[in-house]
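Report on the structure
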Amino acid sequence: MSDPHSYARPRESRVTDVALDLRADFTRRVLEGRVKLTLVAAPDAREVVLDTRGLDIVTVEDAGGGRLAFALGPPDPVLGRALTIAVPPDRTTIVIAYRTSPLAEALQWLAPPQTAGGLHPYLFSQGQAILTRTWIPTQDSPGIRQTYTARIVVPAPLRAVMSAEALTPDGVEAASGRVFEFRLAEPIPPYLIALAVGDIAFRSVGPRSGVYAEPTVLDRAADEFADLEQMIDAAEALGGPYRWGRYDVLVMPPSFPFGGMENPRVTFATPTILAGDRSLTSLIAHELAHSWSGNLVTNATWRDFWLNEGFTTYFENRIMEQLYGRDRAAMLEHLGRTELLEELRSLRDKPADQVLCMDLTGRNPDDAVTPIAYDKGAAFVRTIEAAVGRPRFDVWLRGYFDRHAFTSLTTAEFLADLRAHLIAGDTELEARLQLAEWLEQPGLPSNAAVPASDAFTRVTTEVVRFLAGHQAPSLDTTAWTSQQWQHFLGGLPGRLSAVQLAELDAAFRFSESGNSEVLFAWLRIAVRLRYTPALSALERFLTSQGRRKFLKPLYEELMRTEWGKAEAKRIYEAARPMYHAVATATLDPIVSA
Ligand SMILES: [Zn+2]
């Protein structure tokens, strides 16, 4: 299967191991050093082709230090430049000396004020989807799995954390700085090679789990993630043994653009899930689930991205059900469906973008990071479960992970497995599943299950009472969960008076909410209805965190009116330096419109 987002020609020569030796220079904002690549070359192969973008290639040598001829191809704005190297005499080893650009898209260099602690700089990498090539010259395709080792030199007080086994957890002092060594023996897609450097402390929360965070955040983080070990147990009950050794969570500085990134052995997570009451930990269940769907069995190309995210969103919900019961899982499922329906509405003029197997040729694969891959994907998996019953489905799912462990799969290969091991010639079942419609058509197929939640029914009752004139303080909101509040806010109509909004805010203190999901849902309404008393809360939220899922809808909403446009531009100008390149790439076209 060829990957339209990589220049590599793996059938000729493919990279199997990456050995990094890099120094982090915070003054120049570059990583500098060498990478030793191990190859498997076909007998007639004469070249090895790597992916690069913005890298400064200094020399390319063979194992004995002899120079190898190399050439950089013309730059493509999305793909970068192919680096073509003559196959070395031993046909296995290439050593590249290089440095990254200060503008490398995968690397975010934070000044001390952009961190939680405010005293030390911070660096983190984000490889998914095709950004690893901006800091490592390798074959940057999810279908080309590689093991890796790393030796990372950082300035003395800082600590390096990677998505690998830490061989020197506290570092070793050297003349050049503090040296950290890592090794990952399991082959992974290169987008999962990840690095963070900063004033990072660690606390164990279970026999194989722990939390990394800046020291000022560590207590809150360790408390929020106290259930990690139970979560791993619940995930193993569904997916089989956890195969990566440890599972730690690194709480990132506020500018981290994603909710979480499922880097092996250590999930990178946004601090916006530190709600203080463990109410937003489904995000950790999601990242943990990727230890099976995504990291163990990986989408072979970005067209198959739904295999990573659809399965993981489904798996996440099963973990939440096991830990917190059917009610909580049903609420989360319901919220996912609401988000999906909203996305389908917003994509009504773009049917091709509603398709699970989305054609991304010539496009940035980041375009596929939408609720289609996540929630439509999960709805598809749930539909399969409902059609065959949970016991039979679970046996198939467990087998699917075992059969394809440490490999990368296309959608066609997934289908072949489903037909061989679950459908097994049952033509009536095959027809009932509507597989082609799910995978290749826009919209939502007619056999999609509709989730039901009693807890949400009670919320809807209170929304109706409020709209009928009952005062906000008289509503029955006893013991509502974060999900119920999200549903409440999502259920409010497009027209509310300023008096009604003020009444809600006074009764429930939404503008002051420490729960990022609830605050986000509230601010969206406030912007839509131009409720100016919430403006300072909006500005605080937009300038204190950089999670794209929150930023994009809020800026979009602001840009709908002349009043909002002025606010959006003013706030964006101040906040943009704090945001990650992944976020500004999405937001620049929105805010400049
Ligand atoms: Zn995910």
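Scroll up to find the structure.
The following refers to the structure shown. (Residues numbered from 1 in each chain as written. Predicted model: local features only at pLDDT ≥ 70, side-chain atom pairs only at ≥ 80, totals over all residues. Heavy atoms only, no water.)

Looking at the secondary structure, you find Thr93 in strand β7 (residues 93-99). In this structure Thr93 comes out as buried when scored by relative accessible area, which is 14%. Within the local environment of Thr93, its side chain forms a polar contact with the side chain of Thr92, the two groups lying 3.1 Å apart. Among residues more than four places away in sequence, those in contact with Thr93 are Lys36, Leu37, Glu61, Asp62, Ala63 and Pro88. (Helix = DSSP H or I, 4+ residues; strand = E, 2+ residues; numbered from the N terminus. Buried < 20%, exposed > 50% of the residue type's maximum accessible area, 1.4 Å probe, protein only. Polar contact = N/O pair within 3.5 Å; in protein donor to acceptor, adjacent residues only side chain to side chain. Contact = heavy atoms within 4.5 Å.)

Quick look at empty space enclosed by the protein now. Rolling a probe over the atoms, with the probe sized like a water molecule, indicates the empty space that remains. This model, assessed by the stated rule, comprises five cavities of 30 Å³ or more. Approximately 60 Å³ is the volume found for the largest cavity. Forming the walls of the largest cavity are 13 residues, and the residues nearest its centre are Val355, Leu356, Met358, Ala368 and Ala373. Of all the secondary structure elements, the ones that give two or more residues to the lining of the largest cavity are α4 (305-324) and α6 (371-388). Of the residues assigned to the lining of the largest cavity, the class counts are 10 nonpolar, one polar and two charged. (1 Å grid on protein atoms, 1.4 Å probe; cavity = no way out; pocket = protein on both sides within 12 Å on 5 of 7 lines; lining within 4 Å. Points joined across faces, edges and corners; volume = space filled by probe spheres on them. Nonpolar A, V, L, I, M, F, W, Y, C, P; charged D, E, K, R; others polar.)

Before going further, it helps to examine the coordination of the zinc ion. Donor atoms from the polypeptide that bind the zinc ion are His286 (NE2), His290 (NE2), Glu309 (OE) and Glu309 (OE), placed at 2.0 to 2.7 Å. Of note is the zinc ion, whose four donor atoms meet at the metal with angles of 52 to 150° in an arrangement that counts as irregular. (Donors = N, O, S within 2.8 Å, 3.2 Å for Na, K, Ca; no water. Tetrahedral: all angles 85-135°; square planar, octahedral: opposite > 155°, others 65-115°.)

Two numbers describe how α4 lies on helix α5 (residues 326-346): the axes approach to 7 Å, and their chain directions differ by 150°. By the angle between their axes, α4 is roughly antiparallel relative to α5. For the pair formed by α4 and α5, the contact residues are Asn317, Met320, Glu321 and Tyr324 on the first element and Arg326, Arg328, Ala329, Leu332 and Glu333 on the second. Of the residues in the contact of α4 with α5, the class split is four nonpolar, one polar and four charged. (Axes fitted to C-alpha atoms, helices over the stretch in contact; angles between N-to-C directions. Parallel < 35°, antiparallel > 145°, perpendicular 65-115°, else oblique.)

The omega angle of the peptide bond from Gln128 to Ala129 is 0°, so this bond is cis rather than trans. Within the element layout of this structure, Ala129 appears in the loop between β9 (122-125) and β10 (146-154). The backbone of Arg29 shows a phi angle near 60°, a positive value even though the residue is not glycine. Following the sequence through the fold, Arg29 ends up in the loop between β1 (13-25) and β2 (30-41).

What follows deals with the sheet that holds strand β8 (residues 107-110). In spatial order, the strands read β8-β9-β15-β11; together these four strands make up an open sheet with antiparallel pairing. A strand with exactly one partner marks an edge of an open sheet, and here the two such strands are β8 and β11 (159-162). This sheet shows a mean twist of 10° between the axes of neighbouring strands, independent of strand direction. Two strands pair when backbone bridges link them, and β8 and β9 are joined in this way by four bridges, in the antiparallel orientation. Looking at the pairing, Leu107 lines up with Ser125 of β9. (Pairing = 2+ DSSP bridges.)

All right, on to the layout of surface pockets then. Of the volumes computed, that of the second largest pocket is approximately 470 Å³. What lines the second largest pocket is a set of 24 residues, among which Arg220, Pro271, Thr272, Gly514 and Ser544 lie closest to the centre. Taken together, the elements giving at least two residues each to the lining of the second largest pocket come down to α14 (516-528) and α15 (535-544). In terms of residue class, the lining of the second largest pocket is made up of 12 nonpolar, eight polar and four charged.

What follows is about the packing of aromatic side chains. Applying the stated rule across the entire model yields 40 aromatic pairs. Measuring from centroid to centroid gives 5.7 Å for Phe393 and Trp396, while their planes differ by 50°, and the two rings are tilted. Taken as a pair, Phe393 and Trp396 lie in helix α7 (residues 390-403) at a separation of three residues, close to a single helical turn. By relative accessible area, which is 3% here, Trp396 ends up buried. Ring geometry for Trp396 against Phe414: centres 6.4 Å apart, planes inclined by 70°, an arrangement best described as edge-to-face. (Phe/Tyr/Trp six-rings, centres within 6.5 Å; stacked < 30°, edge-to-face > 60°.)

With that out of the way, let us pick up the packing of helix α16 (residues 548-558) against helix α18 (residues 581-591). Running from amino to carboxyl end, α16 crosses α18 at an angle of 5°, the nearest separation of the two axes being 10 Å. With respect to α18, the element α16 is oriented roughly parallel. Across the interface between the two elements, Arg548, Leu551, Lys552, Tyr555 and Glu556 from α16 touch Val582, Ala583, Thr586, Leu587, Ile590 and Val591 from α18. Counted by class, the contact of α16 with α18 contains seven nonpolar, one polar and three charged residues.

Our next topic: the pairing of strand β16 (residues 201-206). Sheet faces and side chains relate simply in a regular strand, where the side chains alternate between the two faces. As judged from the five bridges shared by β16 and strand β17 (residues 209-213), these two strands associate in the antiparallel manner. Counterpart to Phe202 in the pairing with β17 is Tyr212. In sequence, β16 turns back onto β17 through a hairpin of two residues.

Every α-helical turn comprises 3.6 residues, leaving residues that sit three or four positions apart pointing alike. Here helix α8 (residues 411-423) has its buried residues at Thr411, Phe414, Leu415, Asp417, Leu418, Leu422 and Ile423. End-on, the buried residues of α8 take up no more than an arc of 160°, which puts them together on one face. For α8, the exposed residues set more than 90 degrees away from the buried face come down to Ala412 and Ala420. Against the buried residues of α8 lie α4, α6, α7, β22 (407-409), α9 (427-433) and α10 (435-440). Trailing α8 by a residue or two, Ala424 shows a phi angle of about 45°, which is positive. (Arc of directions from axis to C-beta.)

On inspection of all chains with the given rule, the structure shows 49 salt bridges. Where Glu105 meets Arg53, a salt bridge forms, and the shortest distance between an N and an O atom there is 2.9 Å. With Glu105 in the loop between β7 and β8 and Arg53 in the loop between β3 (47-52) and β4 (56-61), this pair connects stretches of sequence that are 52 residues apart. Judged by its relative accessible area of 26%, Glu105 falls in the partly exposed class. Under the relative-accessibility criterion, Arg53 is labelled buried at 19%. The closest approach of N and O atoms between Asp367 and Arg363, which form a salt bridge, is 3.2 Å. Judged by relative accessible area, Arg363 falls into the partly exposed class, the value being 27%. (Salt bridge = Lys/Arg side-chain N within 4 Å of Asp/Glu carboxyl O.)

Moving on, we come to helix α11 (residues 454-467). With 14 residues, α11 extends 20 Å between its outermost C-alpha atoms, agreeing within 8% with the 20 Å of an ideal straight helix rising 1.5 Å per residue. Among all positions in α11, only Ala455, Phe456, Val459, Glu462, Val463 and Phe466 are buried. Relative to the axis of α11, the buried residues are bounded by an arc of 110° and lie together on one face. Counted as exposed and oriented over 90 degrees from the buried face of α11: Asp454 and Val464. Contacts from the buried residues of α11 go to α5, α12 (482-490) and α13 (498-508). (Expected span 1.5 Å × (residues − 1).)

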